[in-house]
Amino acid sequence: MTHQTVIAVDLGAESGRVMAVHFDGQSLELEELHRFPNTTVTVNGTLHWNFLRLWEDIQAGIVKGKALNPLSIGVDTWGVDFGLLDSQGNLVGNPVHYRDGRTTGMMDIAFNKLPQADIFAHTGIQFMPINTVYQMLSIVENQSPQLEIADTFLTAPDLLNYWLTGTKVCEFSNATTTQMFNPTTGTWATEMMDKLGIPSEIFPEIVQPGTRLGEYEGKAGIAPACHDT
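Residues numbered from 1 in each chain as written. Predicted model: local features only at pLDDT ≥ 70, side-chain atom pairs only at ≥ 80, totals over all residues. Heavy atoms only, no water.

Turning next to the overall build of the protein chain. Across its full length, the protein chain holds eight helices and 14 strands. Projected onto its principal axes, the C-alpha positions of the protein chain cover 60 × 40 × 30 Å. Expressed as a percentage of the 229 residues in the protein chain, the buried residues total 50%. Counting every atom, the protein chain has about 10700 Å² of accessible surface; 49% of that belongs to carbon and sulfur. Here the protein chain holds 12 positive side-chain charges and 26 negative ones, and the gap between their average locations is 5 Å. (Helix = DSSP H or I, 4+ residues; strand = E, 2+ residues; numbered from the N terminus. Buried < 20%, exposed > 50% of the residue type's maximum accessible area, 1.4 Å probe, protein only. Areas by Shrake-Rupley, 256 points an atom, 1.4 Å probe, with all protein chains shown as cover. Lys, Arg positive; Asp, Glu negative; His and termini not counted. Charge placed at Lys NZ, Arg CZ, Asp CG, Glu CD.)

What follows is the structure, encoded as structure tokens:
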């Protein structure tokens, strides 16, 4: 087997890195191309991720790896956070940080709409206020105008993989962090979402790790296991 290299973008809640992963047929070797902080921005009292800064650093790392002629590229990040796109694929607002206070009281509101046991039966994961379902419920409850123009929901790594490849899908491992994935059916928990008033029609296809999404500058864009844990 000839030597092969891929580019892996790994974003954590505090920092990110772009890595070249080399495989000689027997073992893997990691080469750090670019490391950068993952900083937050507060605007009008709302805590946001700085996604455009992250995108800039991702591109900088990719440029540093071009000479290695990588076969593919993919992104993983933390869980639960997301972006909304309009019908033309434009980001609707900057993604909000899971530690922002907008989810305060949302679990109680959810349980008033649907018993806690029912939510667990649909999703089967730990109850945490930061889960995507309560972030989405806060948008619904506040009657955010973002919902009027939102056409597609993408989790954080899926948003970056979309910017790389133009493909709008949600990868399985990160979808499971939303508390909107039904492990029994293997699809979105649409029945639960409908009862909570969350527009299930904006949620795209869920794909498995290793799915080829498209290309970025001639390199295959791959959905890895997109949840960093």
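Now that the structure has been shown, we can carry on.
Here strand 7 (residues 82–85) shows no split at all, with Phe82 and Leu84 on one side and Gly83 and Leu85 on the other all buried. Pairing geometry for strand 7 and strand 8 (residues 152–155), over four bridges, is antiparallel. Its bridge partner lying in strand 8, leucine 84 is registered against phenylalanine 153. (Pairing = 2+ DSSP bridges.)

Our next topic: the state of the cysteines. A full pass over the atoms with the stated rule returns zero disulfides. Cysteine 226 supplies the cysteine sulfur nearest to cysteine 170, a cysteine that is in no disulfide, at a spacing of 9.3 Å. Its relative accessible area of 0% is what places cysteine 226 among the buried residues. (Disulfide = S-S within 2.5 Å.)

What follows covers the layout of surface pockets. In this structure, the largest pocket occupies an estimated 290 Å³ of space. Along the wall of the largest pocket there are 17 residues; nearest its centre are Val96, Arg102, Ile139, Ser144 and Gln146. Elements with a minimum of two residues in the lining of the largest pocket: strand 5 (46–49), strand 7 and helix 4 (132–141). Among the elements that make up the lining of the largest pocket, the one with the highest residue count is strand 7 (three residues). Across the lining of the largest pocket, the residue classes tally to six nonpolar, nine polar and two charged. Those elements that place two or more of their residues in the lining of the second largest pocket are strand 1 (4–11) and strand 6 (72–76). In terms of residue count, strand 1 provides more of the lining of the second largest pocket than any other element does, five residues in total. The residue inventory of the lining of the second largest pocket, partitioned by class, reads eight nonpolar, two polar and two charged. (1 Å grid on protein atoms, 1.4 Å probe; cavity = no way out; pocket = protein on both sides within 12 Å on 5 of 7 lines; lining within 4 Å. Points joined across faces, edges and corners; volume = space filled by probe spheres on them. Nonpolar A, V, L, I, M, F, W, Y, C, P; charged D, E, K, R; others polar.)

Let us now look at the packing of aromatic side chains. Two aromatic rings are characterised by how far apart their centres lie and by the angle between their planes. Evaluation of the coordinates by the stated rule reveals 13 aromatic pairs. Geometrically, the ring pair formed by phenylalanine 51 and tryptophan 163 is edge-to-face, given 6.5 Å between the ring centres and 80° between the ring planes. Note that phenylalanine 51 is positioned in helix 1 (residues 51–65) and tryptophan 163 in helix 6 (residues 156–165), a separation of 112 residues in sequence. On the basis of relative accessible area, phenylalanine 51 is assigned to the buried category, the value being 1%. With relative accessibility at 22%, the residue tryptophan 163 sits in the partly exposed group. Aromatic side chains tryptophan 55 and tryptophan 163 sit 5.6 Å apart centroid to centroid with 70° between the ring planes, which places their arrangement in the edge-to-face category. (Phe/Tyr/Trp six-rings, centres within 6.5 Å; stacked < 30°, edge-to-face > 60°.)

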